[in-house]
Amino acid sequence: MPATPAWPPQSTPRLFVDTPLALGARAIDGPAAHYLAGVMRMKVGDPVKLFDDVSGEWLAIATSVGRRDLMIDVTECLRPREPVPDLWLCAAPLKKGRVDWMAEKACELGVARLIPVVTRRTVVDKPNTDRLRTHMIEAAEQCGRTAIPEVAEPVKLTALLRDWPAERALFFADETGGVPALEAMRARAGPAAVLIGPEGGFDSDEREAIRGCAQAVGIGLGPRILRAETAAAAAVALWMAAAGDWRQ
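So, a few notes on the structure that sits alongside this text. (Residues numbered from 1 in each chain as written. Predicted model: local features only at pLDDT ≥ 70, side-chain atom pairs only at ≥ 80, totals over all residues. Heavy atoms only, no water.)

### As for the packing of helix H2 (residues 98-109) against helix H7 (residues 228-242)
Running from N to C, H2 and H7 point in directions that differ by 5°, and their axes come no closer than 9 Å. The angle between the axes of H2 and H7 places the two elements in the roughly parallel class. Listed contacts from H7 to Arg-98, Trp-101, Met-102 and Leu-109 of H2 are Ala-228, Glu-229, Thr-230, Ala-232, Ala-233, Val-236, Ala-237 and Met-240. Here the contact of H2 with H7 is built from residues that sort into nine nonpolar, one polar and two charged. (Axes fitted to C-alpha atoms, helices over the stretch in contact; angles between N-to-C directions. Helix = DSSP H or I, 4+ residues; strand = E, 2+ residues; numbered from the N terminus. Parallel < 35°, antiparallel > 145°, perpendicular 65-115°, else oblique. Contact = heavy atoms within 4.5 Å. Nonpolar A, V, L, I, M, F, W, Y, C, P; charged D, E, K, R; others polar.)

Here is the structure:
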């Protein structure tokens, strides 16, 4: 006997909606409707997976499809909102394209919060946080996340260090050397953050200021010099393996 096809099919589109979901009918309009009707060519009866960063992921069926809006029937909660590891990524903004890539990978890897940090060598001191959040939403749609990382407003490094919470470890990628990252992260359980400098790195005064923060731990990321966005992805991946949800 042939196996029963999985429902919904793997090709089912998956979309973020910015209002809480529940069982029953609802309307979708704007960019989401354009994507489903115009790009995905969704028809009446087709399934769609929706998630809202609050209640989890839901299965819905299209009941009416127009050019600019559609009606769906939310039929089933597929899974609740995921538990999010308590890791922040604090990173100096990079040029457009590279910072977009970093935000995308931060979402895929599971960070809870992205904080753009302005340093003396920062190339872009006013990043477009709305665009970064859009990239994170697109990454969440692709990778199956049901929680969207928070994107904070840019903050100067001095203010970040001044107000740093006492209970949160701060692992900063120190290009002059530090404790091997995996070793340091395994030794410090609990809430944490990774701090990545700009192109060209922190200057000597900034490095001393970071080291003066009681929660700061300088870490090394191997024998090669990494670009800032690569260092961010590598450090987050190591923390997830050492203390995050990759251990499950």
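### Concerning empty space enclosed by the protein
Summed over all chains, the structure comprises one cavity of 30 Å³ or more. As a volume, the largest cavity reaches approximately 40 Å³. What lines the largest cavity is simply Ala-91, Ala-92, Pro-93, Val-99, Met-102, Leu-114, Ile-115, Pro-116, Pro-127 and Leu-132. Broken down by secondary-structure element, the contributors of at least two residues to the lining of the largest cavity are H2 and strand E7 (113-118). Tallying contributions element by element places E7 first for the lining of the largest cavity, with three residues. By residue class, the composition of the lining of the largest cavity is 10 nonpolar, no polar and no charged. (1 Å grid on protein atoms, 1.4 Å probe; cavity = no way out; pocket = protein on both sides within 12 Å on 5 of 7 lines; lining within 4 Å. Points joined across faces, edges and corners; volume = space filled by probe spheres on them.)

### Observations regarding the nonpolar core
Leu-87, Leu-89, Phe-171, Met-185, Ile-196 and Trp-239 are the most contacted members of the largest nonpolar core, which has 43 residues in total. Breaking this core down by element, the ones donating at least two residues are strand E6 (87-91), H2, helix H3 (129-143), strand E10 (169-173), helix H5 (181-187), strand E12 (192-196), strand E13 (216-220) and H7. A per-element tally of this core places H7 first, with 10 residues. Discounting chain neighbours no more than four positions away, the residues touching Leu-87 are Val-111, Ala-112, Arg-113, Ala-192, Ala-193, Val-194, Val-236, Trp-239 and Met-240. Counting 17 residues, the second largest nonpolar core, distinct from the first, contains Leu-160, Leu-170, Phe-172 and Phe-202. (Core = buried A, V, L, I, M, F, W, Y, C linked by side-chain atoms within 4.5 Å. Buried < 20%, exposed > 50% of the residue type's maximum accessible area, 1.4 Å probe, protein only.)

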